[in-house]
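Each chain, letter by letter, is given below.
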Amino acid sequence: RDAGGKVYLFSSDESGNVDLLHTLQNESHEWYQYFGRSIDLDGSSLAVRTRDDWESKVNLYKFNDQTLEMELSREIERPDGFDVQQFGRDISFDGGNLTISSVRDWSDGRGIVFFYTSTDSGSLKLSYVFEPADEAERNAGFGQSISLSGDHLAVGLPSFDRTIDSQYRYDVGKVIVFTREQ
């Protein structure tokens, strides 16, 4: 069994024909790398979650139109000062900006979302950290799913519990939408 993981990049034309452009394979063939567990594509840039020595990270690749290859452009590791697990639990990439979610603590599923903005030089800078607002959100899987679109970030909380019609309901779920002020 090949434990490295793969990501496939497809293209479609105006008539709906789909072609395989490239297969991106993890260089490591170690077990439990989880290469490709989370991915997102923004233009010709691809973000892929992987692991290295049990530490999760996100690799950014650029598609080269001439060689039809995906080239590793940078690796993003867990920011210093944050004790998180599963860095890259979910990834969302839009307009050069990138959001990466992580699980903070396995025992209660608390999550955190890191927001990176693209700089004029093309690098990424950690700009903001989103955390749950209260105890109910902290224990609800904050950040297990995320989606970034323009100035809006949607954060999923699939295990959010609440009372509906006087009855307590488990794992009803919730989505919080954050909007960036200009």
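That block above? That's the structure.
Predicted, not measured: the structure shown is a model, and the values here were computed from it.

Rules and cut-offs
Residues numbered from 1 in each chain as written. Predicted model: local features only at pLDDT ≥ 70, side-chain atom pairs only at ≥ 80, totals over all residues. Heavy atoms only, no water. Helix = DSSP H or I, 4+ residues; strand = E, 2+ residues; numbered from the N terminus. Buried < 20%, exposed > 50% of the residue type's maximum accessible area, 1.4 Å probe, protein only. Contact = heavy atoms within 4.5 Å. Areas by Shrake-Rupley, 256 points an atom, 1.4 Å probe, with all protein chains shown as cover. 1 Å grid on protein atoms, 1.4 Å probe; cavity = no way out; pocket = protein on both sides within 12 Å on 5 of 7 lines; lining within 4 Å. Points joined across faces, edges and corners; volume = space filled by probe spheres on them. Nonpolar A, V, L, I, M, F, W, Y, C, P; charged D, E, K, R; others polar. Salt bridge = Lys/Arg side-chain N within 4 Å of Asp/Glu carboxyl O. Patch = residues over 30% accessible without salt bridge, like charges linked within 9 Å, V, L, I, M, F, W, Y side chains within 5 Å. Core = buried A, V, L, I, M, F, W, Y, C linked by side-chain atoms within 4.5 Å.

(A) Structural context of the overall build of the protein chain. Scanning the protein chain for helices and strands turns up one helix and 15 strands. Expressed as a percentage of its 182 residues, the buried residues of the protein chain come to 38%. Within the protein chain, counting contacts between residues at least 6 apart in sequence, those at least 24 apart form 37% of the total. Total accessible area computed for the protein chain in this model is approximately 10,700 Å², and 43% of it derives from carbon and sulfur atoms.

(B) Representation of the layout of surface pockets. The computed volume of the largest pocket comes to approximately 220 Å³. N26, E27, N59, Y61 and L72 are the residues nearest the centre of the largest pocket, which is lined by 18 residues in total. The set of elements that each furnish at least two residues to the lining of the largest pocket consists of β2 (18-25), β4 (45-52), β5 (55-64) and β6 (69-77). No other element matches the four residues that β2 contributes to the lining of the largest pocket. Class assignment of the residues belonging to the lining of the largest pocket gives a composition of five nonpolar, eight polar and five charged.

(C) Broad picture of the pattern of salt bridges. The tally for this structure, following the rule as stated, stands at two salt bridges. For E75, the salt bridge is made with K57, and the minimal N-O distance between the two is 3.2 Å. Here E75, found in strand β6, pairs with K57, found in strand β5; they are 18 residues apart in sequence, far enough to count as distant. Exposure remark for E75: the relative accessible area of 42% places this residue in the partly exposed category. Note that D151 and R180 form a salt bridge whose closest N and O atoms lie 3.0 Å from each other.

(D) A look at a nonpolar patch on the surface. Together, Y8, F10, V18 and L20 line one region of the surface with nonpolar side chains, adding up to about 420 Å² of accessible area. Secondary structure elements with two or more residues in the nonpolar patch: β1 (6-12) and β2. Along the polypeptide, F10 turns up in strand β1.

(E) Region of interest: the nonpolar core. Residues V58, L60, I76, F87, L98 and Y116 are the most contacted members of the largest nonpolar core, which totals 15 residues. Those elements that place two or more of their residues in this core are β5, β7 (91-94), β8 (97-105) and β9 (110-118). Counting residues per element, this core draws most heavily on β9, which supplies three residues. Every residue in contact with Y116, bar those within four places of it in the chain, is listed here: I76, E77, P79, F87, N97, L98, I100, L124, K125, L126 and S127.

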